[in-house]
Amino acid sequence: MRLKASLLACAALIWGAAFAQPAVEVQELGAVNPFEVGIQSGMPAHVWSNSGAETLRAALTTLPDGQGVGFHHPLAARLAARALLAAGRPPRDAQFDLAALRADRALATGRAQPVYNLLVRTPRVNESALLSRLYAETAFALGHEDEACRAADALLTGRDEAYWLRARAACLALSGNIPAAELTAELARHQSDEAAADFFTVFDAYTLNTPIGDAITPRDGVSLALIHDRNQDQVIVVDEGAPAWLKEAALRTGPQIRLPQDPLAALEAARSMQGAERAAALGALIHQDVDRQLAADALALRLNDAKAEGEFITVARTYGPEVSSLPISDETLVHGVHFILAAILAEDLETADIWREALEYGPPRPEPELEPEPLYDENGMPLNPAHLPPSDGPQQLGPDPYGPSFKPQAEWDAPAASILVGLDFALAIARNEVQSGGFEALHSARLENADRARLAQGAGLMALGARTPLDLRAQLARYHAHRLPDQAVKPQDAGADEGGAQAKLDLATLSALGLLAAHAQAAGEAQIYAAALIEAAPGDPFAIAQAVSILSVADLRQEARRLVLEMVVEDEA
């Protein structure tokens, strides 16, 4: 015990000396609650304030845990993230542990960067060990080691916990202070459990300057930071049991991308790449403005990759604004469907309309030059050479320089009518034109031989109040009666432990809790329950109908419409 106390005292002295900061005058700005900070717009100001701390905690625990595999259904993950990353007046009696639970559930959506961005802006993070740990872990994982180490230095409570001793040992090692790092790590060993054994394997290899082979796979952000600092050109594969967001963050590792200066050569180089490297190279080519035809080729490749990876919605929304500057030609219209869907997701409906027309009728053709009006002199003789009387000399052969400037084009081969109907359907939803007779006709065409996905879209639209075909409810009833056993939703054990693990409830309970939150105008809470419903029963028409109903009652109709639109876009892609 005396040895442990001595180690702790020495470590504190070393840490303070190594990371001492100049004196800064701090001015009180008022107690800002973490829920008042967000990075996602579009939610109402009362997104959190109509919930109490305990009711919101109950809702949050129905979502997947951020330290596990995360969400299984991208549609549910996106819906949850838009609420979890929103700012608003805080819930009643909200403390730091609730803000940490919110950030943890946001991590479960699969990406560390938005949560890091949220926590960078969050005030008083250093007053909470839970919030600080999430901040440090995302910072370590994303390569912001200085930010992570400042979080470890600024923490006011729980500084002697095992994680923070490991984090400070890593920070000392990264700064080159190996003796101090080893002393701090020795103290951490006395407090860490077996789950931290991998960290010490990585740490010892780092401080002894021995190779860190591929066999060592990190389980947390701090271990990832140490491995990456030692092997900056290595593609790091994290442990199979690591959180999903850490696996996504590790995609940034690997050699620096170097593309040829020539755009065509750069595109060929990007084609030969894989994974995150290929995505980054294609992204650079999409944004360049030297050759927009080549940008269209790169965007087509990126969207095809995203579709195969189940990330079409996110990637298409990211690059959708680029579509307006792409040339419309026979070559680019081969990828017209994906480009139109990307423009719709980016809310650039004018561009989507232009491409939609070109897809049906062909790319714009050059207009023929009008023959100039003849000019006459005072004697009534024409001055324009095109209108001079023919001379006795040799006649001009070849095209008339004053005639049309293009040759007639071959007849355009439009895509199948079902494709155009799907695009018009998506455009009508994006414009909120779901209550017109024309929309009902489009919907009827799509429901011929409808599969489960289209029945789910129809159920969502019906809950949204759209004009839907008369027999849609009958189709849903038949689906319910004949769906396969593995498509039925099975009740799960309810309850969550005190640590905030996921509470698994049956659909009826989730739906009832969501509707109660919606009627109370607890917008964030209602949207969380809607996401939990979709996650509990991916693609189920009745879960979609219930989720849309909850959002509509909570006055989140834009979110409800966006949810259905994403389903339609994924179907059409």
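Residues numbered from 1 in each chain as written. Predicted model: local features only at pLDDT ≥ 70, side-chain atom pairs only at ≥ 80, totals over all residues. Heavy atoms only, no water.

Q: Provide a residue-level description of the pattern of salt bridges, including the pertinent values.
A: Under the definition given, this model contains 27 salt bridges. Across the salt bridge formed by Glu-186 and Arg-189, the nearest N and O atoms sit 3.6 Å from each other. With Glu-186 and Arg-189 both in helix H9 (residues 178-191) and three residues apart, this pair spans about one turn of that helix. On the accessibility criterion, Arg-189 (33% relative accessible area) is partly exposed. For Glu-322, the salt bridge identified is with Arg-292, shortest N-O distance 3.0 Å. With Glu-322 in the loop between helix H16 (312-319) and helix H17 (336-345) and Arg-292 in helix H15 (residues 292-309), this residue pair connects regions lying 30 residues apart in the sequence. One connected set of salt bridges, linked through shared partners, spans Arg-78, Arg-82, Arg-317, Glu-559, Arg-562, Glu-566 and Glu-570. (Salt bridge = Lys/Arg side-chain N within 4 Å of Asp/Glu carboxyl O. Helix = DSSP H or I, 4+ residues; strand = E, 2+ residues; numbered from the N terminus. Buried < 20%, exposed > 50% of the residue type's maximum accessible area, 1.4 Å probe, protein only.)

Q: Describe the environment of Ala-298, and please don't skip the residues or the numbers.
A: On the secondary structure map, Ala-298 appears in helix H15. Considering only alpha carbons, one finds Ala-298 and Ala-281, 17 residues apart in sequence, at a separation of 9.0 Å. When sequence neighbours within four positions are dropped, the list of residues in contact with Ala-298 reads Leu-267, Leu-282, Leu-285 and Ile-286. (Contact = heavy atoms within 4.5 Å.)

Q: I'd like a rundown of unusual backbone geometry, residues and numbers included.
A: Positioned with a positive phi, Asn-209 is a non-glycine residue whose angle comes to about 60°. By the element assignment, Asn-209 lies in the loop between helix H10 (197-207) and helix H11 (221-230). Residue class for Asn-209 comes out exposed when judged on its relative accessible area of 59%. Notably, Asp-555 is not glycine yet its phi reads approximately 65°, a positive angle. Counting through the fold element by element, Asp-555 comes out in the loop between helix H25 (541-553) and helix H26 (557-572).

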